[in-house]
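# Understanding the architecture of this molecule
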Amino acid sequence: MKLGFIGTGAISDAVIRGLLKSDCRVDEIIVSRRSEHISTKLAADFDRVRVEDDNQAIIDQSDMIFLAVLPQIAGDVLSALRVPDDKQIVSLIATIPISDLKVWLGTNAQCDRAIPLPPVEHHACVTAVYPGSPDVMALFEKLGGAVAAETIDAFDGYATGSALMATYFTVLESAAQWMVNQGSDYADARRYLAALFSGLAGNTNKSPDQSFADLYEGHVTAGGLNEQVAQTFIREKGTDALHTALDEVFARIKASA
Ligand SMILES: NC(=O)C1=CN([C@@H]2O[C@H](COP(=O)(O)OP(=O)(O)OC[C@H]3O[C@@H](n4cnc5c(N)ncnc54)[C@H](OP(=O)(O)O)[C@@H]3O)[C@@H](O)[C@H]2O)C=CC1
Ligand SMILES: O=C(O)[C@@H]1CCC=N1
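Reading the values: the criteria
- Residues numbered from 1 in each chain as written.
- Chains lettered and ligands numbered in written order.
- Predicted model: local features only at pLDDT ≥ 70, side-chain atom pairs only at ≥ 80, totals over all residues.
- Heavy atoms only, no water.
- Phe/Tyr/Trp six-rings, centres within 6.5 Å; stacked < 30°, edge-to-face > 60°.
- Helix = DSSP H or I, 4+ residues; strand = E, 2+ residues; numbered from the N terminus.
- Buried < 20%, exposed > 50% of the residue type's maximum accessible area, 1.4 Å probe, protein only.
- Polar contact = N/O pair within 3.5 Å; in protein donor to acceptor, adjacent residues only side chain to side chain.
- Contact = heavy atoms within 4.5 Å.
- Near = heavy atom within 4 Å.
- Areas by Shrake-Rupley, 256 points an atom, 1.4 Å probe, with all protein chains shown as cover.
- Nonpolar A, V, L, I, M, F, W, Y, C, P; charged D, E, K, R; others polar.
- Domains from an automatic or database assignment.
- Core = buried A, V, L, I, M, F, W, Y, C linked by side-chain atoms within 4.5 Å.
- Salt bridge = Lys/Arg side-chain N within 4 Å of Asp/Glu carboxyl O.

## Things to note about the packing of aromatic side chains
Per the stated rule, a full pass over the model turns up 5 aromatic pairs. With a centroid separation of 4.5 Å and an interplanar angle of 5°, the aromatic rings of Phe 5 and Phe 66 are classed as stacked. Pair noted here: Phe 5 is in strand 1 (residues 2-6) and Phe 66 is in strand 4 (residues 64-67), with a separation of 61 residues, a long-range link. Judged by relative accessible area, which is 0%, Phe 66 ranks as buried. Ring centres of Tyr 168 and Phe 197 lie 6.0 Å apart, and the angle between their planes is 65°; this geometry places the pair in the edge-to-face category. Remark: Phe 197 occurs in helix 9 (residues 186-206) and Tyr 168 occurs in helix 8 (residues 165-181); sequence separation between them is 29 residues. Through a chain of ring-to-ring contacts, three or more aromatic side chains come together here, namely Phe 5, Phe 66 and Phe 140.

## Considerations on the side chain of Gln 88
Residue placement: Gln 88 occurs in strand 5 (residues 88-91). For Gln 88, the side chain forms a polar contact with the side chain of Asp 112, separated by 3.2 Å. Every residue in contact with Gln 88, bar those within four places of it in the chain, is listed here: Asp 63, Met 64, Ile 65, Gln 110, Cys 111, Asp 112, Ser 133 and Val 136.

## Thoughts on the site of ligand 2
Around ligand 2 sit Ala 94, Leu 117, Ser 162 and Met 165, and those are all the residues in its vicinity. Coverage of ligand 2 by the protein amounts to 41% of the 240 Å² it exposes when considered alone. For the shell around ligand 2, a count of residues per class yields 3 nonpolar, 1 polar and no charged.

## Regarding the domain arrangement of the protein chain
Where interface size is quoted, it is often the accessible area lost as the parts come together. Split by domain assignment, the protein chain resolves into domain 1 (2-149) and domain 2 (165-255). The centre of domain 1, based on its C-alpha atoms, is set 32 Å off from the matching centre of domain 2.

## Things to note about the nonpolar core
Counting residues in each nonpolar core, the largest one holds 38 residues, and the members touching the most others are Leu 3, Ile 29, Phe 66 and Phe 140. In terms of residues, this core owes the most to one element, helix 1 (residues 10-21), which gives 5 residues. What Phe 66 contacts, discounting residues up to four positions off in sequence, is Leu 3, Gly 4, Phe 5, Ile 6, Val 90, Leu 92, Leu 139 and Phe 140. Within the second largest apolar cluster, 19 residues are counted, among which are Ile 59, Ile 65, Leu 78 and Ile 89.

## Description of the environment of Thr 239
Take Thr 239: it is sitting in helix 12 (residues 238-255). Classification of Thr 239 as partly exposed rests on a relative accessible area of 27%. Discounting residues that sit within four places of it in the chain, Thr 239 has contacts with Phe 233 and Ile 234.

## Brief notes about the pattern of salt bridges
For the coordinates displayed, the defined rule picks out 12 salt bridges. Linking Glu 28 and Arg 50 is a salt bridge whose minimum nitrogen-to-oxygen distance equals 2.8 Å. In this pair, Glu 28 is assigned in strand 2 (residues 28-32) and Arg 50 in strand 3 (residues 49-52), connecting sequence segments 22 residues apart. Overall, Glu 28 belongs to the buried group, its relative accessible area being 16%. A relative accessible area of 27% places Arg 50 in the partly exposed class. Taking the shortest distance from any N to any O, the salt bridge between Lys 254 and Asp 156 comes out at 2.6 Å. Placement of the pair is Lys 254 in helix 12 and Asp 156 in helix 7 (residues 152-162), with a sequence separation of 98 residues. Using a relative accessible area of 27% as the deciding quantity, one classes Lys 254 as partly exposed. Here the residues in one salt-bridge network are Lys 2, Glu 28, Arg 50 and Glu 52, joined through shared partners.

## Observations concerning the site of ligand 1
Ile 11, Arg 34, Ser 35, Val 69 and Leu 92 are the nearest of the 22 residues found near ligand 1. Here an oxygen atom of ligand 1 sits 2.9 Å away from a polar atom, N or O, in the side chain of Arg 34. Between a nitrogen atom of ligand 1 and a side-chain N or O atom of Asn 55, the distance comes to 3.0 Å. Elements represented by at least two residues in the shell around ligand 1 include exactly helix 1 and helix 4 (71-79). Looking at the shell around ligand 1 residue by residue, the classes come out as 15 nonpolar, 6 polar and 1 charged.

## Re the environment of Gly 224
If you trace the backbone, Gly 224 turns up in the loop between helix 10 (212-219) and helix 11 (225-235). For the pair Gly 224 and Ala 146, spaced 78 residues apart in sequence, the C-alpha separation works out to 38 Å.

Right, here's the structure in full:
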């Protein structure tokens, strides 16, 4: 199978590196020269990656075409291209509906949307796919797992959940800075918090039958310090803020449909 990537930015880089580290049967990956520091490095690191200047040539030579340009330029870039009906399209572009993509690309080709996230490079993230064509699911299974959303609302819910990445780092940075204010080295605080969160993620993955609420009970001392922080977080409307943020992102996604 030959894969083509229109847009060779951060997420294409992670997907391609993850795929070429897996046993996925890929004969060749053709990428846009754009983001030349990324495309040049990919071609240097992997014999199976080739750089192309012309987006239409990438499409014409590929069986599965990944769309990975930013949403704000997608209409302009894709309207200049044509995808034959016998290709498989995989759009990684956030918020843009399949109907718009098909109009821009003048095609009736099968089009799936997917939300691979940076840890796919290390096969450490589950990718949400809609509607979940077998070949697309099989490919993302190689990168840590795939989940097919049954409805577009469910898919948009996963897209909203994926928007928590920046908040994860915001929480860690904020906690590290607070520890620095108490006298820690930043590097020590960073190492400590990164290991704590990574260890918790490990415990979570080892207990797939336990809900997050069960894991809370298993990790927290009754009347202890953790319980106090969680209660303050709720009292100060941390969970309300979280739900407001998720509602607003979901509404933004729906407004662009
Ligand atoms: N980052 C993430 O975690 C995720 C991102 N996404 C989605 O994936 C898409 C890409 O995101 P991301 O990789 O982070 O963004 P980047 O900005 O890193 O990548 C965008 C890429 O598009 C290229 N590009 C711009 N114009 C053209 C063109 N005319 N032809 C071909 N390529 C072009 C850019 O090249 P140049 O640099 O030369 O301008 C760059 O390589 C977005 O739509 C985003 O919503 C989806 C899931 C996760
Ligand atoms: O934040 C974004 O818009 C993209 C989509 C999912 C992850 N990054």
